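Residue-level listing of the chains:
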Amino acid sequence: MGNSGYLKGARFERDFMEEIREQGNHYPIRSAGSHTPFDVILIPLGVHSQLPVIVCQLKRAKKYAPKPPESFRSLGLGDCVTKWWVTRIDREKYRVEVV
């Protein structure tokens, strides 16, 4: 039933989005299958929110968390967009690196 790597990655994305949704500050949008540099985009809630838009790349690993590549680090997105590199090793809680 489908690619197990894709399914595990999609589950990680959905779990991450649910946790973000529960925090109540951002509305998460998954860019499923789009082959863009971002897996999830977090839109701040509230008309006058001072929070940034956050674009996230999520990666799973078995032993070591991969580092964000230069192509992700160098994306020019403007001052009101923040980039998160989100990793999870095995079943541990995810880690966020602000790039």
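Residues numbered from 1 in each chain as written. Predicted model: local features only at pLDDT ≥ 70, side-chain atom pairs only at ≥ 80, totals over all residues. Heavy atoms only, no water.

Trainee: For this particular structure, what's the right way to read the overall build of the chain?
Mentor: Tallying secondary structure elements over the chain gives two helices and five strands in all. For the chain, whose C-alpha radius of gyration is 14 Å, the value lies close to the compact-globule estimate of 13 Å for 99 residues. Expressed as lengths along the three principal axes of its C-alpha atoms, the size of the chain is roughly 40 × 30 × 25 Å. Out of the 99 residues in the chain, the part that is buried amounts to 31%. Long-range contacts, defined as pairs at least 24 residues apart, comprise 43% of the intrachain contacts of the chain with a sequence gap of at least 6. Split by element, the accessible area of the chain, about 6,800 Å² in all, is 53% carbon and sulfur. (Helix = DSSP H or I, 4+ residues; strand = E, 2+ residues; numbered from the N terminus. Rg over C-alpha atoms; globule rule 2.2 N^0.38 Å. Buried < 20%, exposed > 50% of the residue type's maximum accessible area, 1.4 Å probe, protein only. Contact = heavy atoms within 4.5 Å. Areas by Shrake-Rupley, 256 points an atom, 1.4 Å probe, with all protein chains shown as cover.)

Trainee: Got a minute to help me understand the pairing of strand β2 (residues 40-44) in this structure?
Mentor: The side chains of a regular strand alternate, residue by residue, between the two faces of the sheet. Burial along β2 is one-sided: the residues V40, L42 and P44 are buried and none of I41 and I43 is. Note that strand β1 (residues 26-30) and β2 share five bridges and pair antiparallel. The residue of β2 that forms the bridge with R30 is V40. Inspection of the sheet shows β2 paired to strand β3 (residues 53-61) by three bridges, in the antiparallel sense. Its bridge partner being in β3, L42 is matched across the sheet by I54. (Pairing = 2+ DSSP bridges.)

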